[in-house]
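# Structural features, examined
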Amino acid sequence: MTAELTRRVLTLLFVREGDRLLLGYKKNGFGKGKWNGFGGKVKDGETVEAAAIRELEEESGVIVSYTSLKKLAKMEMEFEGWNELLEIHLFTTHTFCEMRPKWFHITDLPFSEMWADDSHWFPFLLAEKKFIAKFQFRDMETISSFFIKLVDDLNAPS
Ligand SMILES: Nc1nc2c([nH]c(=O)n2[C@H]2C[C@H](O)[C@@H](COP(=O)(O)OP(=O)(O)OP(=O)(O)O)O2)c(=O)[nH]1
């Protein structure tokens, strides 16, 4: 006689941009050491769509809208000797709601596509030095004057 299997409902969401796919490296727990899409257990009373969006945000910080989700599959995984069956709801999305994350090397930052003031204070940010600064802009792209001062205590009166 086969033992009754407990069902564990999981989500798996892949964020895609053109020909590129965002993956995460699982550092701990189930699937440790594997690259994968983002997902996890569906909580009691939660829809699989809500769980897919929540898990993506918890694991990557990326927020996508409910309407951008495309459900592609429901898969079941059984492992010999396990009394649990995995039910995986597979989704894909092509849209980031507001910010599209991307890693840059600190020596290769895209300053020409960043705010004009950033190149002035990034050296301090990268060195993790505290500073106060003020920038005056002629227009959105042009700084007319600025100062930057390294400080020990950001709460001290300036
Ligand atoms: N690509 C791929 N993903 C899989 C397979 N099997 C499997 O569970 N997954 C995915 C589904 C889930 O997104 C994830 C497993 O969820 P999990 O149990 O590790 O959840 P979690 O650590 O995030 O836990 P929690 O946040 O929900 O507490 O791995 C598989 O065979 N292929």
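Residues numbered from 1 in each chain as written. Predicted model: local features only at pLDDT ≥ 70, side-chain atom pairs only at ≥ 80, totals over all residues. Heavy atoms only, no water.

Turning to the domain arrangement of the protein, a few remarks are in order. With domains assigned, the protein is organised as domain 1 (2-93) and domain 2 (111-150). Centre-to-centre, using C-alpha coordinates, domain 1 lies 41 Å away from domain 2. (Domains from an automatic or database assignment.)

Next up on the list: helix α1 (residues 48-60). With 13 residues, α1 extends 18 Å between its outermost C-alpha atoms, agreeing within 8% with the 18 Å of an ideal straight helix rising 1.5 Å per residue. Every buried residue of α1 is listed here: Val48, Ala51, Ala52, Ile53, Arg54, Glu55 and Leu56. In this fold, the buried residues of α1 make contact with β1 (6-17), β5 (70-78) and β6 (84-93). Gly61 sits one or two positions beyond α1 and adopts a positive phi of about 80°. (Helix = DSSP H or I, 4+ residues; strand = E, 2+ residues; numbered from the N terminus. Expected span 1.5 Å × (residues − 1). Buried < 20%, exposed > 50% of the residue type's maximum accessible area, 1.4 Å probe, protein only. Contact = heavy atoms within 4.5 Å.)

Moving on to the packing of aromatic side chains. By the definition in use, this model includes nine aromatic pairs. Ring geometry for Phe111 versus Phe122: centroids 5.4 Å apart, planes at 90°, classification edge-to-face. Note that Phe111 is positioned in the loop between β6 and α2 (118-126) and Phe122 in helix α2, a separation of eleven residues in sequence. By relative accessible area, Phe111 is classed as partly exposed at 32%. For Phe122, a relative accessible area of 13% puts it in the buried group. Summarising the aromatic geometry, the rings of Phe135 and Phe146 are spaced 5.3 Å apart at their centres and angled 10° between planes, so their arrangement reads as stacked. Placement of Phe135 in strand β7 (residues 131-139) and of Phe146 in strand β8 (residues 142-150) is noted, with a sequence separation of eleven residues between them. Take Phe135: its relative accessible area is 18%, and that puts it in the buried class. Ring pairs connect the aromatic residues Phe111, Trp121, Phe122, Phe124 and Phe131, which therefore count as one cluster. (Phe/Tyr/Trp six-rings, centres within 6.5 Å; stacked < 30°, edge-to-face > 60°.)

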